[in-house]
Amino acid sequence: MKKSIIFLFILGVFILSVGGGFAASISNSCSLQVSLVNQDPYPAVQGDTVKLLFQVSNVQNPDCNGAYFRLDPGYAFSLTQNDSVRILQGSTYTQNYNNNWAIPYTLNVNNGAPDGEASITAYYSPGSGSPTSSQGLLSQTFNVSIQNSRASFEVYVQNYDSLTNTLTFEILNTANVDAKAVTMEIPEQNNIQMKGSNVNIVGDLGSNEYTTADFSLVPTSGKINLTLSYTDIAGVRRSVNETVNYDSKFFQSTASNSNSGSAATWVVIVAIAILIGYWFYRRQKRKKALQERRMRSIK
């Protein structure tokens, strides 16, 4: 009886040692390598989404028998869908001779994520089964670049010339990033009568820089709605809506000066014309008198 128990104990130890050695040989021969191969856009922007592409190498090894992959987005990101886990059945060796496993993710960039590098962690292991716990999983941490590339603007009415119907806006880029290919558009609205194009190409506007934009129009007092479009540092075309207040009373003196200046100009022109006409009249009169005296002297 005792000999049977001892025999069974020795047999069990042998099986466990052989099985452990076999598993270890598989684990050693299946060496998965994970890398982050692409981030779009780069850098990511708070409040937007970012696409990440991971690559798992060595999955063509039949000893791996597939692979398990899970992404922990960390504090700066969240998954657009509940799809953090990906499982590869078998190997990629027979799948179009692709020796790598490409795993795409789309993440939301949280509004509170700070500028700089944010960490995400990938957990993975060989085999196509889902682990019951994190024990035995391999892990690797990657950095995703984040920078607030959104520009912000302040817009003011600088001047209105009623003589030429020119309204001048002043535009200030208050963000810490540059804005490229800035355009300003005045949408159709009741208190604006456009006399020319409703779009003005402003150009590039650096951080904390300002410029002006002129529009030919006839405004009435009230709010003016504007649309500013620009290309951010990530190459994304964006648009923001701004509202400015136009009050005609602040530009009455300019209009009065323009009208008075115009009236004075016309007075000067008329006076000069009268003087020129009087000069020609006197000249013609003297010429006629001289001719009459010559005629009398001949007679």
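Scroll up for the structure.
Quick look at the structure, then. Note that the coordinates shown come from a computational prediction; the quantities given were computed from them, not determined experimentally.

## Notes on the overall build of the protein chain
Piece 1. Within the protein chain, the secondary structure is distributed over two helices and 16 strands.
Piece 2. Evaluated residue by residue, the protein chain yields a buried proportion of 31% over its 299 residues.
Piece 3. Here the protein chain displays about 18,600 Å² of accessible surface, and carbon together with sulfur accounts for 53% of that area.

## Here's the deal with the sheet that holds strand 7 (residues 116-126)
Piece 1. Taken in spatial order, the four strands line up as 5-3-7-8 in an open sheet, and their pairing is antiparallel. Because the sheet does not close on itself, it has two edges, and the strands there are strand 5 (85-88) and strand 8 (138-146). For this sheet, the mean inter-axis angle between neighbouring strands, taken without regard to orientation, is 20°.
Piece 2. Two strands pair when backbone bridges link them, and strand 3 (residues 67-72) and strand 7 are joined in this way by six bridges, in the antiparallel orientation. If you follow Asp-72 over to strand 7, its bridge partner there is Thr-121.

## Quick notes on the packing of aromatic side chains
Piece 1. Using the criterion set out here, one finds eight aromatic pairs in the structure.
Piece 2. Measuring from centroid to centroid gives 6.2 Å for Phe-69 and Tyr-105, while their planes differ by 35°, and the two rings are tilted. Here Tyr-105 lies in strand 6 (residues 100-109) and Phe-69 lies in strand 3, a separation of 36 residues in the sequence.
Piece 3. Measuring from ring centre to ring centre gives 5.9 Å for Tyr-160 and Tyr-246, while their planes differ by 80°; the resulting arrangement is edge-to-face. Taken together, the residues Tyr-160 in strand 9 (residues 153-161) and Tyr-246 in strand 16 (residues 237-246) connect sequence positions 86 residues apart.
Piece 4. With relative accessibility at 8%, the residue Tyr-160 sits in the buried group.
Piece 5. Through a chain of ring-to-ring contacts, the aromatic side chains of Phe-54, Phe-69, Tyr-105 and Phe-142 assemble into a single cluster.
Piece 6. Sitting over the face of the ring of Tyr-105, Arg-86 holds its NZ or CZ atom 4.2 Å from the ring centroid.

The rules we used
- Residues numbered from 1 in each chain as written.
- Predicted model: local features only at pLDDT ≥ 70, side-chain atom pairs only at ≥ 80, totals over all residues.
- Heavy atoms only, no water.
- Helix = DSSP H or I, 4+ residues; strand = E, 2+ residues; numbered from the N terminus.
- Buried < 20%, exposed > 50% of the residue type's maximum accessible area, 1.4 Å probe, protein only.
- Areas by Shrake-Rupley, 256 points an atom, 1.4 Å probe, with all protein chains shown as cover.
- Pairing = 2+ DSSP bridges.
- Axes fitted to C-alpha atoms, helices over the stretch in contact; angles between N-to-C directions.
- Phe/Tyr/Trp six-rings, centres within 6.5 Å; stacked < 30°, edge-to-face > 60°.
- Lys NZ or Arg CZ within 6 Å of the ring centre and 35° of its normal.

Just distances and angles here, no functional claims.
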